[in-house]
Amino acid sequence: MLRALIFDVDGTLAETEEAHRAAFNEAFADLDLPWRWDRPLYRELLAVAGGKERLRAFLDRHDPGGTSDERIAALHQCKTAHYTTAVAQGAVPFRPGVARLIAEAHAAGVALAIATTTSRVNVDALFTGNGDAPPLAGFAAVMTAEDAPAKKPDPQVYRRALDALGLPPSACLAIEDSVNGLGAARAAGIPVLITESVYTHGDPFPGAAAVLTDLSGTTLADLVRLHGRAVQGS
Ligand code: XBP
Ligand code: MG
């Protein structure tokens, strides 16, 4: 029986990655660095989950002498300030169907959780900027980069969410947008629904219970049926 929905954030709750990309570029400009990440490059860089890890992977190639933890932390802090300012002002709406499904789940007594590799301040800012959506306070567990330093596809953040929910993986359904997120949730034993995002459209999603364009036509009853088929099949 479906007892909880565990939502990924970036690309799943909302199409946030363009705001992340803009914030990285604003941080480069603030610090007089010559780099600008365009969409094709950012799509490549998104193979690395975690903004700090993504910066390190880029600097390893383009400025191998400048990959100190302090420099990466300073860059990432500047980026996060730009990102939270933009998103808290409503720059990025929730994706179609997301707010409705959160409300349906809450009304039906299905627990809600978040499992993301982004920072807690970014999650708070996203919900601040979407004041008309159900509040973050309605989520039984919110696991972020601070709770799970090992980034997706490592299952740590999903295992922390299961611990916080006090539920077995078979009672949950993860909703994700990326191959890294699929891998993390599957490694934790959780069935996964993929909703492709702008940066993951067309990627292969082996092992997903289903792959959708978005949640606009999906009801909680659909998720219950999908979950039932997934756990029977596993
Ligand atoms: C996607 C990520 C995050 C964001 C950037 O997280 O990999 O790193 O791209 O945010 P999700 P930070 O698991 O929600 O898809 O710079 O805060 O890491
Ligand atoms: Mg994601």
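Residues numbered from 1 in each chain as written. Chains lettered and ligands numbered in written order. Predicted model: local features only at pLDDT ≥ 70, side-chain atom pairs only at ≥ 80, totals over all residues. Heavy atoms only, no water.

(A) Up close: the nonpolar core. Leu 5, Phe 7, Leu 13, Ile 114 and Phe 139 are the most contacted members of the largest nonpolar core, which has 34 residues in total. Of all elements in the fold, only strand E1 (4-7), helix H1 (17-30), helix H4 (69-88), helix H5 (98-107), strand E2 (111-115), helix H6 (120-128), strand E4 (172-176) and helix H9 (220-233) reach the threshold of two or more residues within this core. For Phe 139, the residues in contact, after removing those within four places along its chain, are Phe 7, Ile 102, Leu 112, Ala 113, Ile 114 and Phe 127. Counting residues in each nonpolar core, the second largest holds 24 residues, with Val 157, Ala 174, Ala 184 and Ile 190 among its members. (Core = buried A, V, L, I, M, F, W, Y, C linked by side-chain atoms within 4.5 Å. Buried < 20%, exposed > 50% of the residue type's maximum accessible area, 1.4 Å probe, protein only. Helix = DSSP H or I, 4+ residues; strand = E, 2+ residues; numbered from the N terminus. Contact = heavy atoms within 4.5 Å.)

(B) Seen up close, the sheet that holds E4. Read across the sheet, six strands follow the order E3-E2-E1-E4-E5-E6 without closing on themselves; strand pairing throughout is parallel. Only two strands of the sheet have a single neighbouring strand rather than two, namely strand E3 (141-143) and strand E6 (210-212). Adjacent strand axes in the sheet meet at a mean angle of 20 degrees, parallel and antiparallel pairs treated alike. Here E2 pairs with E3 via three bridges, running parallel. (Pairing = 2+ DSSP bridges. Axes fitted to C-alpha atoms, helices over the stretch in contact; angles between N-to-C directions.)

(C) Examining the coordination of the magnesium ion (ligand 2) more closely. Coordination of the magnesium ion (ligand 2) by the protein is provided by Asp 8 (OD), Asp 10 (O) and Asp 177 (OD), with metal-donor distances spanning 2.1 to 2.3 Å. Considered as a linear motif, the donors of the magnesium ion (ligand 2) on their single chain read D-x1-D-x166-D. In this pair, Asp 10 is assigned in the loop between E1 and H1 and Asp 177 in the loop between E4 and helix H8 (179-187), connecting sequence segments 167 residues apart. With respect to class, Asp 10 is no different from Asp 177; both count as buried. (Donors = N, O, S within 2.8 Å, 3.2 Å for Na, K, Ca; no water.)

(D) The side chain of Asn 122, seen in detail. With respect to the helices and strands, the residue Asn 122 is situated in helix H6. Here Asn 122 falls in the buried class, since its relative accessible area comes to 3%. Side-chain polar atoms of Asn 122 contact the side chain of Thr 118, separated by 2.9 Å. Once residues within four sequence positions are removed from consideration, Asn 122 is found in contact with His 20, Lys 79, Thr 80, Tyr 83 and Thr 84. (Polar contact = N/O pair within 3.5 Å; in protein donor to acceptor, adjacent residues only side chain to side chain.)

(E) Layout of the environment of Thr 200. Mapped onto the elements, Thr 200 comes out in the loop between strand E5 (192-195) and E6. When its relative accessible area of 7% is taken as the criterion, Thr 200 is described as buried. Spatially, the C-alpha atom of Thr 200 lies 27 Å from that of Ala 29, the residues being 171 residues apart in sequence. Not counting residues up to four positions away in its chain, the partners in contact with Thr 200 are Arg 43, Asp 177, Ser 178 and Phe 205. A polar side-chain atom of Thr 200 sits 2.9 Å from the main-chain amide nitrogen of Ser 197.

(F) Representation of the site of ligand 1. Neighbouring ligand 1 are 18 residues, the closest being Glu 17, Gly 51, His 76, Lys 79 and Thr 116. Here an oxygen atom of ligand 1 sits 2.8 Å away from a polar atom, N or O, in the side chain of Asp 8. Expressed as a share of its isolated accessible area of 440 Å², the protein-covered part of ligand 1 is 95%. Those elements that place two or more of their residues in the shell around ligand 1 are H1, helix H3 (51-62) and H4. Classifying every residue of the shell around ligand 1 by side-chain character gives three nonpolar, nine polar and six charged. (Near = heavy atom within 4 Å. Areas by Shrake-Rupley, 256 points an atom, 1.4 Å probe, with all protein chains shown as cover. Nonpolar A, V, L, I, M, F, W, Y, C, P; charged D, E, K, R; others polar.)

(G) Structural context of the pairing of E5. Of the two faces of E5, both are covered, the one formed by Val 192 and Ile 194 as well as the one formed by Leu 193 and Thr 195. As defined by bridge partners, E4 adjoins E5 across three bridges and the pair is classed as parallel. Residue pairing for E5: Glu 176 is matched across the bridge by Ile 194. The sheet contact formed by E5 and E6 spans three bridges and is parallel. Looking across to E6, one finds that Leu 193 is bridged to Ala 210.

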